[in-house]
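So the chains spell out like this:
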Amino acid sequence: MSIEDLPSTFVAALIDIVGASDVVTAADQRASYEVDWTGRFRGVTPAVVRPADTAEVAAIVALCRREGVAIVAQGGNTGLVAGGVPMAGELIVSLRRIDAVGDVDLSARQITVGAGATLAAVRTAAAAAGLAYAVDLGARDTATIGGTIATNAGGLNLIRYGGTREQLVGVEAVLGTGETISHLGGLIKDNTGYHLPSLLCGSEGTLGIVTAARLRLVTRHDHRVTALLAFADAHAAVEAVSDLRSRLDSLESAELVLDAGVCLVCEAFDLRSPFADPHPVYVLIDVADSHDPTDDVASAVGALTTMRDAAVATDDAQRALLWRYREDHTLALNTLGKPHKLDVTLPLDRLAEFIDTVPTVVRGVAPHGQTWLFGHVGDGNIHVNISGVDPDDEAGDDAVLGYVASLGGSISAEHGIGTAKKRWLHLSRSTEEIDAMRAIKRALDPDDILNPNVLLP
Ligand SMILES: Cc1cc2nc3c(=O)[nH]c(=O)nc-3n(C[C@H](O)[C@H](O)[C@H](O)COP(=O)(O)OP(=O)(O)OC[C@H]3O[C@@H](n4cnc5c(N)ncnc54)[C@H](O)[C@@H]3O)c2cc1C
């Protein structure tokens, strides 16, 4: 749909709601909203609307419902499954202006924030009050709280604190009906029916547009140790993580990277190799406590009989350098083109087998495809990136997701389904489950105007 396809009265009504400067129609100003972070998914929108508060969002949704105009909600646009870009010509509702970060409620250890607040802004506010927001991920400076709720973002600290759903005490949202639900009181014991925050969390903008959230905060640990541990193979690495989890309560992250990925990062960003001799598999761990955990780490790591080498960092600069070998993977991969990105979870006892075999599975259907693996190994979550294949060639995706399902895994660990993975949803959800999801969608968005092309096939 282009701006010419919208009745001029519709555009005038949008301007009445948010003001002329926040209805963006010029092609050059729409451009960054129309393409996803990877550059692989590009759509066209007639306009980007930027409401300033919940009432404006409600008025936009009511207008769109009346006029039959489909909406895509967009936060930071760091999603990786083409869920927040207008792949079918939808109107974009950008939540970035609704970015207030409230005061930290120290006694409840909670905070209320606008959906457009970035993850980094919330983490900074929590830290200033001596607490922490438990969800963290590489796109922290751009990803918004609304986006992390819509995708139930997992991230780097899930093994210790759980994902976004576990942090969500309450939400405010505008449903597809145009009605607003608001439950931000912060009661952590509240058994009064369906837990709507949990339902909206992970719904990928298909049921409601989140405008605010009440979030749980956790203890901030000022003493941190990061270590990069080297192993001969994935089996040894996966076993070591399970061992470390039982020995170290303060283990916050356990991230797996392979030598090929580390070499790519070193090449792309001119970094030195972490060890004099390379090793096939590495696990990056982060440990945080209220006392210096160096001795705890030394003792837990010392007990790993299969570990070949270790680099340990206690000061912030050295820790940041070790983290670059993991976090710079995504940017380094982008230097190879527009990779296909899959994020999958495997049962822990099938994870090493998956890591060993999946490159062969990809080569079987995409001989020129190169497979890159890294991810949150403690959660069984591996990011599978395939470079060297045409953006439209999904043979590799199909083979990998089929293989994941055959091992009892999930086709999406944390990025969601979006539009990119809809056709494979049946691999992880039964017909009955998909029917139940459709029934919920019909109840909360009867005219199918919210992200109608996302999630449900
Ligand atoms: C470098 C990098 C690292 C990443 N690491 C991780 C990681 O470790 N773990 C992880 O889970 N993800 C990760 N991601 C993916 C991404 O950051 C998350 O999915 C994040 O939650 C998206 O937030 P966003 O604000 O950018 O949402 P967007 O990309 O704008 O939108 C994502 C989805 O949410 C919907 N949406 C957005 N805002 C709202 C709202 N207010 N109400 C309703 N629906 C909404 C959109 O319609 C879309 O379907 C990473 C991405 C990058 C680029």
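Note: the structure precedes this text.
Small disclaimer: the values here were computed from a predicted structure and weren't measured. (Residues numbered from 1 in each chain as written. Predicted model: local features only at pLDDT ≥ 70, side-chain atom pairs only at ≥ 80, totals over all residues. Heavy atoms only, no water.)

Engineer: If you had to explain the overall build of the chain to someone new, which residues and values would you point to?
Structural biologist: Tallying secondary structure elements over the chain gives 16 helices and 17 strands in all. Considering only C-alpha atoms, the chain reaches an extent of 70 × 55 × 45 Å along its principal axes. Taking all 457 residues of the chain together, 53% fall into the buried category. Taking contacts inside the chain between residues at least 6 apart in sequence as the whole, the part at least 24 apart equals 74%. Surface summary for the chain: the accessible area is close to 18700 Å², and the carbon and sulfur share equals 50%. Taking the 36 positively charged and 60 negatively charged side chains of the chain as two groups, their mean positions are separated by 2 Å. (Helix = DSSP H or I, 4+ residues; strand = E, 2+ residues; numbered from the N terminus. Buried < 20%, exposed > 50% of the residue type's maximum accessible area, 1.4 Å probe, protein only. Contact = heavy atoms within 4.5 Å. Areas by Shrake-Rupley, 256 points an atom, 1.4 Å probe, with all protein chains shown as cover. Lys, Arg positive; Asp, Glu negative; His and termini not counted. Charge placed at Lys NZ, Arg CZ, Asp CG, Glu CD.)

Engineer: Account for the sheet that holds strand β16 (residues 370–375), with residues named and values stated.
Structural biologist: Read from one edge of the open sheet, seven strands run β14-β11-β13-β12-β16-β17-β15, paired in antiparallel fashion. At either end of the open sheet lies a strand with only one pairing partner, and these are β14 (309–313) and β15 (340–345). Going across the sheet, the axis of each strand differs from the next one's by a mean of 20°, ignoring polarity. Taken together, the nine bridges between strand β11 (residues 223–231) and strand β13 (residues 281–289) define a ladder with antiparallel strand orientation. Across the sheet, residue Ala227 finds its bridge partner in β13, namely Ile285. (Pairing = 2+ DSSP bridges. Axes fitted to C-alpha atoms, helices over the stretch in contact; angles between N-to-C directions.)

Engineer: I'd like a description of the sheet that holds strand β2 (residues 48–49), backed by residues and values.
Structural biologist: Taking strand neighbours across the sheet as the criterion, the four strands line up as β1-β2-β4-β3 in an open arrangement whose pairing is mixed. Only two strands of the sheet have a single partner each, and these edge strands are β1 (23–24) and β3 (71–74). Here β3 runs beside strand β4 (residues 91–94); their pairing, made up of four bridges, is parallel. Residue Ile71 lies in a different strand from β4, and its bridge partner there is Leu91.

Engineer: Just give me the short version of the state of the cysteines, but keep the residues and values in it.
Structural biologist: For the structure on display, the rule yields zero disulfides. Its sulfur unpaired, Cys263 is 6.3 Å from the next cysteine sulfur, which belongs to Cys266. (Disulfide = S-S within 2.5 Å.)

Engineer: Any chance you could break down the nonpolar core for me, citing the residues and the numbers?
Structural biologist: Core analysis: the largest hydrophobic core is formed by 54 residues, its most contacted members being Phe231, Leu244, Ile285, Phe354, Val384 and Val400. Ranked by residues supplied to this core, first place goes to helix α9 (residues 234–247) with seven residues. Ignoring any residue separated from it by four or fewer positions in sequence, one finds Phe231 in contact with Ala236, Ala237, Ala240, His279, Pro280, Val281, Val283, Leu304, Thr306, Met307 and Arg308. With 29 residues, the next largest nonpolar core counts Val122, Leu137, Ala173 and Leu207 among its residues. (Core = buried A, V, L, I, M, F, W, Y, C linked by side-chain atoms within 4.5 Å.)

Engineer: Can you break down the site of the ligand residue by residue, with the values?
Structural biologist: Within the structure, the ligand sits among 34 residues, and Ala73, Gly75, Thr78, Gly79 and Thr144 are positioned closest to it. Between Gly154 and the ligand, the recorded distance is 3.0 Å, taken from a backbone N or O atom to an oxygen atom. The backbone of Gly155 places a nitrogen or oxygen atom 3.4 Å from a nitrogen atom of the ligand. Here the ligand occupies the largest pocket. Breaking the shell around the ligand down by element, the ones donating at least two residues are β3, α5 (145–150) and β9 (208–216). Here the shell around the ligand gets four residues from one element, more than from any other, and that element is α5. (Near = heavy atom within 4 Å. Polar contact = N/O pair within 3.5 Å; in protein donor to acceptor, adjacent residues only side chain to side chain. 1 Å grid on protein atoms, 1.4 Å probe; cavity = no way out; pocket = protein on both sides within 12 Å on 5 of 7 lines; lining within 4 Å. Sits in = over half its atoms within 2 Å of the grid points.)

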